[in-house]
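Each chain is listed here by its residues.
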Amino acid sequence: MLLSVIIPVYKTEHTLDRCVESVLRQDIDGMEIVLVDDGSPDDSPRLCDKWAERDGRIKVVHKENGGLGDARNAGVALAKGEYITFVDSDDYLSPDTYAPLVEYLYRHAETDILEYSVNDVGVNRRYLKYKDRTFLAAKDYWLETKAWSHAYAWNKIYKRSLFENVGFPMKVMYEDLWMLPLLLERNPVVTTTSKGFYNYCLNNESISAKPDRNNVIQLLKAEWHAAKVMRTHPFARNGWRLYQAMAYRLVDIIKMSI
């Protein structure tokens, strides 16, 4: 088993099939898909079971609702691959995304995290296309790419060993931003690549899609946590940009409180 693809599932009965199909169409060997039903109240649990019946590469776990971080942790616990990656069940992959990424990892076994490009297919359509670069020091990756601004869990492939004794935080928002610094603390070799595309689709029912004062406070807490873990000095190269972002959050919180 080379790659474990972990897909948390919650209230995505209308997009789950598209997501799973896009992963199954990836032309790679040694792949498993772990569908984590996070206590979804809609038809998603049944759809997960149907997919497992149709394809032997898919396994399903049903659990009580614990949030996205908890669902990802459950998937990691079941994963058998040397590498793991995440796909949110309201998103999907472009064709031929994984093949060149897996080939790169075969040729560069020293890479611990491989980050690939993002296609935001929402209203504000945009592409996040990364340069082909390798960072031997995680701190360089953090500062030079302003990684806090793209700390997404889902457009990266990780060595599973990075997740030993560390997991996504539970019952917090912006768990990706909480988690990435914990992984970077282990000083992994990080590579960014222009190959492949993860298609991000904004779910209008998600909590983060409905910004309010509490959401902004949660984001500020995640950014402050990231700054502390990565020891980001406000006068470091690009470090001031993280503190600038936090200042904007404070202003928004004040405005929302008036």
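Basis of the calculations
Residues numbered from 1 in each chain as written. Predicted model: local features only at pLDDT ≥ 70, side-chain atom pairs only at ≥ 80, totals over all residues. Heavy atoms only, no water. Helix = DSSP H or I, 4+ residues; strand = E, 2+ residues; numbered from the N terminus. Expected span 1.5 Å × (residues − 1). Buried < 20%, exposed > 50% of the residue type's maximum accessible area, 1.4 Å probe, protein only. Contact = heavy atoms within 4.5 Å. Polar contact = N/O pair within 3.5 Å; in protein donor to acceptor, adjacent residues only side chain to side chain. Core = buried A, V, L, I, M, F, W, Y, C linked by side-chain atoms within 4.5 Å. Axes fitted to C-alpha atoms, helices over the stretch in contact; angles between N-to-C directions. Parallel < 35°, antiparallel > 145°, perpendicular 65-115°, else oblique. Left-handed = near helix turned anticlockwise from the far one by under 90°. Nonpolar A, V, L, I, M, F, W, Y, C, P; charged D, E, K, R; others polar. Pairing = 2+ DSSP bridges. Right-handed = clockwise from strand over helix to strand, strands pointing away.

### What about helix α7 (residues 213-229)?
Okay, so step 1: Under the 1.5 Å per step criterion, the end-to-end length of α7 is 25 Å for 17 residues, consistent within 8% with the ideal 24 Å.
Okay, so step 2: Restricting attention to buried positions, one finds in α7 the residues N215, V216, Q218, L219, L220, A222, E223, H225, A226, A227 and V229.
Okay, so step 3: Where α7 is buried, its residues contact α5 (138-144), α6 (175-184) and α8 (239-257).
Okay, so step 4: Backbone nitrogen of N214 and a side-chain oxygen of the N-cap are separated by 3.2 Å at the start of α7; the cap is D212.
Okay, so step 5: R231 sits one or two positions beyond α7 and adopts a positive phi of about 50°.

### Notes on the nonpolar core
Okay, so step 1: Of all hydrophobic cores here, the largest spans 39 residues; its most connected members are F86, W142, Y158, F163 and L184.
Okay, so step 2: Of all elements in the fold, only β2 (31-38), α3 (68-78), β4 (83-86), α5, α6, α7 and α8 reach the threshold of two or more residues within this core.
Okay, so step 3: Of the residues forming this core, the biggest block, six residues, is contributed by α7.
Okay, so step 4: Once you skip the residues sitting within four places of it in the chain, L184 turns out to touch I113, A138, Y141, W142, V190 and M230.
Okay, so step 5: Of all hydrophobic cores here, the second largest spans 34 residues; its members include L3, V23, Y98 and L101.

### Topic: the packing of α7 against α8
Okay, so step 1: Axis separation between α7 and α8 bottoms out at 9 Å; the angle between their running directions is 155°. Viewed along their axes, α7 and α8 adopt a mutual orientation that is roughly antiparallel. The handedness of the crossing between α7 and α8 is left-handed. Note on element contacts: α8 touches α7 through L242, Y243, A245, M246, R249, L250, D252, I253, M256 and S257, opposite R213, V216, I217, L219, L220, E223, W224 and A227.
Okay, so step 2: Taken together, the residues of the contact of α7 with α8 sort by class into 13 nonpolar, one polar and four charged.

### A closer look at the pairing of strand β3 (residues 58-63)
A regular strand carries its side chains on alternate faces of the sheet.
Okay, so step 1: Summarising the sheet, β2 and β3 pair through six bridges and their orientation is parallel. Paired with D37 across the bridge in β3 is H62.
Okay, so step 2: Tracing the backbone out of β2, into helix α2 (residues 44-54) and back to the parallel element β3 gives a crossover that is right-handed.

Spatial relationships are all this shows, so hold off on functional conclusions.
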